[in-house]
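The primary structure of each chain is shown beneath.
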Amino acid sequence: QVQLVESGGGLVQTGGSLRLSCVASGRISSINVVGWYRQAPGKQRELVATITTGGSTNYADSVKGRFSIFTISRRNAESMVYLQMNSLKPEDTATYYCKAEIIGYLHLDYWGQGTQVTVSS
């Protein structure tokens, strides 16, 4: 099992910045990919950014050059996943979710509870 807890959301003006944090605990040594996804009202959940254990990153076209995903491992069997969001736009408004994937015989996905980001125009 992997537990994910997000934080850092809030209200920000257009052009502003936010940093989202996700604490991953549990079977973190088995995680292959972590990422951020978002879901706006009335829309499907979409990929924002992912990073593999090897450090390879992938970004949605809509956030390239503005968002950055990175991880930091902590000593107490936890890992942090961050999403630095700059030059925010109203269309970035959504609930942002942290996701961890364990890819083996079974493909296991774990999700956090989400954190709300609202960008005012």
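Since this is a predicted model, take the numbers as computed values, not measurements.

Engineer: Can you walk me through the pattern of salt bridges in this structure?
Structural biologist: Side chains that carry opposite charge are capable of pairing whenever their charged atoms lie near each other. This structure, assessed with the given rule, holds 6 salt bridges. Among the ionic pairs, Glu46 bridges to Arg38, the shortest N-O distance being 2.7 Å. Owing to a relative accessible area of 5%, Arg38 belongs among the buried residues under this scheme. Here the salt bridges share partners, and the residues they tie into one network are Arg38, Glu46, Arg66 and Asp92.

Engineer: For this particular structure, what's the right way to read the state of the cysteines?
Structural biologist: Cysteine pairs can be linked by a disulfide, which is a covalent bond between their two sulfur atoms. Across all of its chains, the model carries 1 disulfide by this definition. Across a sulfur-sulfur distance of 2.2 Å, Cys22 and Cys98 are joined as a disulfide pair. For the disulfide bridge between Cys22 and Cys98, the dihedral angle about the S-S bond is near -85°, and by the sign convention the bridge is left-handed. Within this pair, whereas Cys22 is found in strand β3 (residues 18-26), its partner Cys98 is found in strand β9 (residues 94-103), the two being separated by 76 residues in sequence.

Engineer: Would you explain the packing of aromatic side chains in this entry?
Structural biologist: Remark: the centre distance and the inter-plane angle together describe each pair of aromatic rings, the angle taken between the planes. Following the criterion strictly, the structure yields 3 aromatic pairs and no others. Geometrically, the ring pair formed by Phe70 and Tyr82 is stacked, given 5.1 Å between the ring centres and 25° between the ring planes. Remark: Tyr82 occurs in strand β8 (residues 78-85) and Phe70 occurs in strand β7 (residues 67-74); sequence separation between them is 12 residues. Residue classification places Phe70 among the partly exposed positions, given a relative accessible area of 25%. Take Tyr82: its relative accessible area is 15%, and that puts it in the buried class. For the pair Tyr97 and Trp111, a centre-to-centre distance of 6.4 Å together with 85° between the ring planes defines the contact as edge-to-face. Here the residue Tyr97 occupies a position in strand β9, and Trp111 occupies one in strand β10 (residues 107-111), the gap between them amounting to 14 residues. Accessibility expressed as a relative area gives 13% for Tyr97, which makes it buried. We classify Trp111 as partly exposed; its relative accessible area is 35%. Members of the aromatic cluster, joined through ring pairs, are Tyr37, Tyr97 and Trp111. Against the face of Tyr82 rests Arg19, its NZ or CZ located 5.8 Å from the ring centre. A cation over a ring is seen here: Arg45 above Tyr97, with NZ or CZ 3.7 Å from the ring centre.

The rules we used
Each chain carries its own residue numbering, running from 1 in the direction its sequence is written. Per-residue local features of the predicted model are confined to residues with pLDDT of at least 70, and side-chain atom pairs are confined, for both listing and counting, to 80 or more; whole-chain, interface and lining totals are unaffected and use all residues. Excluded from the side-chain calculation are hydrogens and water; included are all heavy atoms of the structure. Any carboxyl oxygen of Asp or Glu that lies within 4 Å of a side-chain nitrogen of Lys or Arg is treated as forming a salt bridge with it. Note on classification: 1.4 Å probe, protein chains only; a residue is buried when its accessible area is under 20% of the maximum for its type, exposed when over 50%, partly exposed between these limits. Two cysteine sulfur atoms form a disulfide, by the criterion used here, when they sit within 2.5 Å. Put simply, DSSP H or I for four residues or longer makes a helix, DSSP E for two residues or longer makes a strand, and each gets a number counted from the N terminus. Ring geometry is summarised as follows: Phe, Tyr and Trp rings, the Trp one being its six-membered ring, pair when their centres sit within 6.5 Å, and such pairs are stacked at plane angles under 30 degrees, edge-to-face over 60 and tilted between the two. For a Lys NZ or an Arg CZ to count as sitting over a ring, it must be within 6 Å of the ring centre and within 35 degrees of the ring normal.

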